[in-house]
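The primary structure of each chain is shown beneath.
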Amino acid sequence: MLIERLLASITFHYDEARLEYLQKVCLQIPSLGFDYKVLIVTNAKDDSAHQKIRDQLGHCSNFEIVSYPVMGHPFFLTWGHLPMFKRYHESDPSYSHFMYLEDDIQVTARNVNYWLRGRHELANYRLYPSFVRYEINYTNDNWVATDITKPLKLKTLPKISVTPEYIFINSPQPYQGMYIMDRPMMYEYFNSVACSPDFGDWGIREKATQGLTFLNVPKSFLSRNLIGYNLSQKAIDPDALIEHLPGNYANNPESQFGKLHLENLITS
């Protein structure tokens with residue numbers, strides 16, 4: 001399955017060393033939807049910086065560089081996509097889905113197919129599918145969870161059963177560094193307190209990615225986004241995994257993040 005028409009926004013705090021990540025992220029976008037547009041929201045204002053972005057994205061298409069004047073802390077750049085999403089949502093109903101992410105999270109067609117399927121399966125519960133960011137430890141090639149720091153006990157987690165072999169589980173650490181929402185979800189988001197930087201307990205950058213995570217959470221659940229899990233394989237659905245390209249947490253011994261091996265993520 002592909003998205004009918006996608007508006008994607010990527011936050012890019014200008015850094016020439018990160019242009020390679022931006023390129024990898026953008027090169028995947030055409031595989032996600034039948035039609036798409038990419039907004040590169042950046043703090044870079046001068047023409048030379050914009051030209052370097054265009055040169056790096058030479059093989060990418062349908063992208064627009066948007067300079068966003070950040071008021072106050074530079075972390076507010078992550079919120080620069082929101083007024084544009086609102087404008088497109090109101091003025092062009094042909095956009096079926098909206099995706100926000102930073103410049104180093106790679107989303108693939110398999111990820112989108114998983115999300116579209118899960119969105120249908122969870123819609124009646126007012127829940128939706130989520131992703132698990134992972135990184136690669138360059139020392140041992142282990143795949144580790146970027147944001148989940150403690151093993152999840154399967155029997156204690158809120159869950160939804162889809163088939164005898166496939167369930168969705170609710171992690172107490174639901175951060176995923178991005179979001180995908182369809183038009184009804186965006187409408188709910190725009191007409192709620194969730195689209196304010198003051199909503200929730202996360203940091204400013206993290207709040208920009210939370211979407212509906214903590215809004216109108218059904219009773220007994222921790223958040224509205226759930227992760228696909230295969231009971232027969234005793235593993236997170238591989239299509240629910242999105243790579244955090246720099247691997248900076250996995251390869252930083254002093255960080256508490258990026259240390260839990262994906263094979264040890266779920267315990268009984």
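Calculation notes
- Residues numbered from 1 in each chain as written.
- Predicted model: local features only at pLDDT ≥ 70, side-chain atom pairs only at ≥ 80, totals over all residues.
- Heavy atoms only, no water.
- Buried < 20%, exposed > 50% of the residue type's maximum accessible area, 1.4 Å probe, protein only.
- Helix = DSSP H or I, 4+ residues; strand = E, 2+ residues; numbered from the N terminus.
- Arc of directions from axis to C-beta.
- Contact = heavy atoms within 4.5 Å.
- 1 Å grid on protein atoms, 1.4 Å probe; cavity = no way out; pocket = protein on both sides within 12 Å on 5 of 7 lines; lining within 4 Å.
- Points joined across faces, edges and corners; volume = space filled by probe spheres on them.
- Nonpolar A, V, L, I, M, F, W, Y, C, P; charged D, E, K, R; others polar.
- Pairing = 2+ DSSP bridges.
- Axes fitted to C-alpha atoms, helices over the stretch in contact; angles between N-to-C directions.
- Salt bridge = Lys/Arg side-chain N within 4 Å of Asp/Glu carboxyl O.
- Core = buried A, V, L, I, M, F, W, Y, C linked by side-chain atoms within 4.5 Å.

Undergrad: Give me the lowdown on helix α1 (residues 19-28), citing residues and values where you can.
TA: Along α1, the residues classified as buried are Leu19, Tyr21, Leu22, Val25 and Cys26. Relative to the axis of α1, the buried residues are bounded by an arc of 155° and lie together on one face. Contacts made by the buried residues of α1 are with β1 (3-12), β2 (33-42), α2 (47-56), β4 (97-102) and β5 (105-106).

Undergrad: Which residues make up the layout of surface pockets, and what values do they have?
TA: By volume, the largest pocket is sized at about 770 Å³. As for the largest pocket, its lining consists of 29 residues, of which Arg133, Tyr175, Arg205, Glu206 and Tyr249 are closest to the centre. Here the lining of the largest pocket is built from residues that sort into 14 nonpolar, seven polar and eight charged.

Undergrad: Before we move on, can you summarise the sheet that holds β2 with the specific residues and values?
TA: Pairing in this open sheet of five strands is mixed, and the strands run β3-β2-β1-β4-β12 from one edge to the other. Both outer strands of the open sheet, β3 (63-67) and β12 (178-182), are each paired with one neighbouring strand and no more. Looking at each pair of strands side by side, their axes are set apart by 15° on average, direction ignored. Relative to the sheet, α2 contacts β1, β2 and β3, its axis offset from that of β3 by approximately 155°.

Undergrad: Give me the lowdown on the pairing of strand β13 (residues 225-230), citing residues and values where you can.
TA: For β13, a buried count of six out of six residues is recorded, marking the element as mostly surrounded by other parts of the structure. Taken together, the two bridges between strand β6 (residues 128-129) and β13 define a ladder with parallel strand orientation. Along β13, the bridge assignment pairs Tyr128 with Asn225. For β13 and strand β14 (residues 235-236), the ladder comprises two bridges, and the chain directions are antiparallel. From the neighbouring strand, Asn230 faces β14, where its bridge partner is Ala235. In sequence, β13 turns back onto β14 through a hairpin of four residues, with Lys234 there showing a positive phi of about 55°.

Undergrad: So what's going on with the pattern of salt bridges? Residues and values would help.
TA: Applying the stated criterion across every chain, the model contains 13 salt bridges. Here Arg18 makes a salt bridge to Asp104, at a shortest N to O gap of 2.6 Å. With Arg18 in the loop between β1 and α1 and Asp104 in the loop between β4 and β5, the pair connects residues that are 86 residues apart, well separated along the chain. Between Asp239 and Arg110 there is a salt bridge; the shortest N-O distance is 2.7 Å. Of the two residues, Asp239 is situated in the loop between β14 and β15 (241-244) and Arg110 in helix α4 (residues 109-122); the sequence distance between them amounts to 129 residues. Taken together, the shared-partner salt bridges connect Arg5, Asp35 and Asp92 into one network.

Undergrad: Hey, could you go over the nonpolar core for me, with residue numbers and the actual values?
TA: By size, the foremost hydrophobic cluster in this structure holds 83 residues, and its most contacted members are Met99 and Tyr189. Per element, the largest residue contribution to this core is six residues, and it comes from β1. Filtering out sequence-adjacent residues up to four positions away, Met99 remains in contact with Leu6, Leu7, Ala8, Ser9, Ile29, Leu32, Phe85, Val107, Met178, Tyr179 and Ile180.

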